[in-house]
Amino acid sequence: LVACNRATPPQDLSSEALQTGVLYTFTAKHSGMNLDVPGASNSNNGTELVQKPGDGSKSQQFTLEAGGDGTYTIINKASGRALEINDGEQTDGS
């Protein structure tokens, strides 16, 4: 996964590089497509994320909120909702 914002070129994610209050797009290395929340402006809980070509839309923009314990919450710009792994799964494809 690669993240980029308007101020920096794409970079591999590491905890040292993460910043709160910055807009990020997340781009999959294997496809070159961006993480997208379909219908984000009115999305419901349980909306599955997809990969789409980058278009600069708010559905592809995310901010980070630091949890204070080394964790971050990822918030979609369009919906204002946090990303969550369904049922706390930790397997590939979750």
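Conventions used here
- Within each chain, residue numbers correspond to sequence positions counted from 1 in written order.
- Given that the model is predicted, a residue must reach a pLDDT of at least 70 before its local features are reported, and side-chain atom pairs must reach 80 or more before they are shown or counted; all residues, however, enter totals for whole chains, interfaces and linings.
- By convention in this description, side-chain values take in all heavy atoms of the structure and omit both hydrogens and water.
- Each helix is a run of DSSP H or I of at least 4 residues and each strand a run of E of at least 2, with the numbering of both proceeding from the N terminus.
- Partly exposed residues are those whose accessible area sits between 20% and 50% of the maximum for their type, while under 20% is buried and over 50% is exposed, using a 1.4 Å probe and protein chains only.
- In what follows, a contact means two residues having at least one pair of non-hydrogen atoms within 4.5 Å.
- Residue exposure ignores everything except the shown protein chains as possible cover, and the areas themselves are Shrake-Rupley values with a 1.4 Å probe.
- Strand pairing is defined by DSSP finding a minimum of two bridges between the two strands.
- We call a set of buried Ala, Val, Leu, Ile, Met, Phe, Trp, Tyr and Cys residues a nonpolar core when their side-chain atoms join them within 4.5 Å.
- Each Phe, Tyr or Trp ring (for Trp, its six-membered ring) is paired with any other whose centre lies within 6.5 Å, and the angle between the two planes then decides the class: stacked below 30 degrees, edge-to-face above 60, tilted in between.
- Scored from 0 to 100, pLDDT records how confident the predictor is in each individual residue.
- The definition of a polar contact used here is a pair of N or O atoms within 3.5 Å, where within protein one atom must be able to donate a hydrogen and the other to accept one, and adjacent residues in sequence count solely through side-chain atom pairs.

## Examining the overall build of the protein chain
Along its length, the protein chain carries 0 helices and 7 strands. Written out in order from the N terminus, the α and β elements of the protein chain read β-β-β-β-β-β-β. For the protein chain, the proportion of its 94 residues judged to be buried stands at 24%. Long-range contacts, defined here as pairs at least 24 residues apart, represent 35% of the contacts in the protein chain between residues at least 6 apart. Summed over its atoms, the accessible surface of the protein chain is roughly 6,300 Å², and 47% of this surface lies on carbon and sulfur atoms.

## Describing the pairing of strand S6 (residues 62–66)
Note that S6 and strand S7 (residues 72–76) share 5 bridges and pair antiparallel. Looking at the pairing, Leu64 lines up with Ile74 of S7. Where S6 hands over to S7, the hairpin turn is made up of 5 residues, of which Gly68 adopts a positive phi near 85°.

## Section: the nonpolar core
Val22, Tyr24, Phe26, Val37, Ala40, Phe62 and Leu64 form the largest nonpolar core, which has 7 residues in total. Leaving out residues up to four positions away in the same chain, Ala40 has contacts with Ser59, Asn76, Ala78 and Ser79.

## Observations regarding the packing of aromatic side chains
Evaluated as defined, the whole model comprises 2 aromatic pairs. Measuring from centroid to centroid gives 6.1 Å for Tyr24 and Phe26, while their planes differ by 15°, and the two rings are stacked. You can call Tyr24 buried: its relative accessible area is 1%. Overall, Phe26 belongs to the buried group, its relative accessible area being 5%.

## Let's talk about the confidence of the model for the protein chain
A residue-level look at the protein chain finds 74% of positions with pLDDT of 70 or above and a mean pLDDT of 79. Mean pLDDT across the elements of the protein chain ranges from a minimum in strand S1 (residues 2–5), with 53, to a maximum in strand S5 (residues 50–52), with 94.

## A word on the environment of Gly39
Along the polypeptide, Gly39 turns up in the loop between strand S4 (34–36) and S5. The spacing of Gly39 and Ser59 is 20 residues in sequence and 7.5 Å in space, taken between C-alpha atoms.

## Brief notes about the side chain of Gln60
Relative to the helices and strands, Gln60 resides in the loop between S5 and S6. Within the structure, the side chain of Gln60 is placed 3.2 Å from the side chain of Asn34, a separation counted as a polar contact. A distance of 3.1 Å separates a polar side-chain atom of Gln60 from the backbone nitrogen of Asp55. When sequence neighbours within four positions are dropped, the list of residues in contact with Gln60 reads Tyr24, Thr25, Asn34, Leu35, Asp36, Lys52, Pro53, Gly54, Asp55 and Asn76.

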